[in-house]
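# Observations on the three-dimensional arrangement
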Amino acid sequence: LRPVRPEDASLIQRLISEQSEQSRYTRFMSKSQDIAPALLSRLSQPDYQREFALLLHDEEQNPLAHASYTADANGISCEFGIIVADSLHKQGVGVMLMRELITNARLQGFAQIRAEILADNHPMQKLALKLGFILAQHPEDSSLVEAKLEL
């Protein structure tokens, strides 16, 4: 587990393309194996002044997970996203990644970390609740749930 570097773009692309359609959909709200170049750039080249990103890989450089957050426009809160290889679901990887994101968000001085989660993404909602997030229906989109954690 380490911070993301620009040269990780191909690993991140591979992680995403190797996911099931459902996993890609729950993370990116798209089933496409192709990730937009601008999004891939954002995921692989975080501005560590206002963002943070982690990559988990094995000894052979096989990508296993990616987690990141980006500062909201208000500079007080940040939005996170994680993707874990399908083969590692329900093994504690998501909890480990989220704890790292929460710790770093606190250190960077954010007051809140949040996400918009698909209403049918029950595993992510369960993980968020386990970590103390408050869940509420999104005020503008009934297909989403807002998850917020005060830091």
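The structure contained in this document is the topic of the report that follows. Quick caveat: nothing in here was measured; it's all calculated off a predicted structure.

What counts, and at which threshold
- Residues numbered from 1 in each chain as written.
- Predicted model: local features only at pLDDT ≥ 70, side-chain atom pairs only at ≥ 80, totals over all residues.
- Heavy atoms only, no water.
- Core = buried A, V, L, I, M, F, W, Y, C linked by side-chain atoms within 4.5 Å.
- Buried < 20%, exposed > 50% of the residue type's maximum accessible area, 1.4 Å probe, protein only.
- Helix = DSSP H or I, 4+ residues; strand = E, 2+ residues; numbered from the N terminus.
- Contact = heavy atoms within 4.5 Å.
- Axes fitted to C-alpha atoms, helices over the stretch in contact; angles between N-to-C directions.
- Left-handed = near helix turned anticlockwise from the far one by under 90°.
- Nonpolar A, V, L, I, M, F, W, Y, C, P; charged D, E, K, R; others polar.
- Salt bridge = Lys/Arg side-chain N within 4 Å of Asp/Glu carboxyl O.

### Some points on the nonpolar core
Formed by 31 residues in total, the largest nonpolar core has its most connected members in Tyr 69, Phe 80, Met 98, Leu 101, Ile 113 and Phe 133. Those elements that place two or more of their residues in this core are β2 (51-57), β3 (63-71), β4 (77-84), α4 (93-107), β5 (112-118), α5 (122-130) and β7 (144-150). Looking at which element gives the most residues to this core, the answer is α4, with 7 residues. For Phe 80, the residues in contact, after removing those within four places along its chain, are Ser 68, Tyr 69, Met 98, Leu 101, Ile 113, Arg 114, Ala 115, Met 124 and Phe 133. Counting residues in hydrophobic clusters, the runner-up holds 12 residues, among them Val 4, Leu 11, Ile 35 and Ala 53.

### Side note on the side chain of Ser 68
By the element assignment, Ser 68 lies in strand β3. On the accessibility criterion, Ser 68 (10% relative accessible area) is buried.

### Things to note about the packing of helix α1 (residues 9-17) against helix α3 (residues 37-44)
Packed helix pairs are specified by the crossing angle of their axes together with the interaxial distance, meaning the distance between the axes. Taken N-terminus to C-terminus, the directions of α1 and α3 make an angle of 115°; their axes are 9 Å apart at the nearest point. Between α1 and α3 lies a crossing of right-handed hand. For the pair α1 and α3, the contacting residues are Ala 9, Ile 12, Gln 13 and Ile 16 in the first and Leu 40, Leu 43 and Ser 44 in the second. Tallied by class, residues from the contact of α1 with α3 come to 5 nonpolar, 2 polar and no charged.

### A few points about the pattern of salt bridges
As enumerated under the stated definition, the model contains 6 salt bridges in all. The closest approach of N and O atoms between Glu 18 and Arg 14, which form a salt bridge, is 3.2 Å. What makes Arg 14 partly exposed here is its relative accessible area of 29%. As a salt-bridge pair, Arg 114 and Asp 72 come within 2.9 Å of each other at their nearest N and O atoms. On the criterion of sequence distance, the pair formed by Arg 114 in strand β5 and Asp 72 in the loop between β3 and β4 is long-range, its members being 42 residues apart. With respect to burial, Arg 114 and Asp 72 carry one shared label: buried. The structure contains a network of salt bridges with shared partners spanning Asp 72, Glu 79 and Arg 114.

Take it as geometry only, folks, not as evidence of what the structure does.
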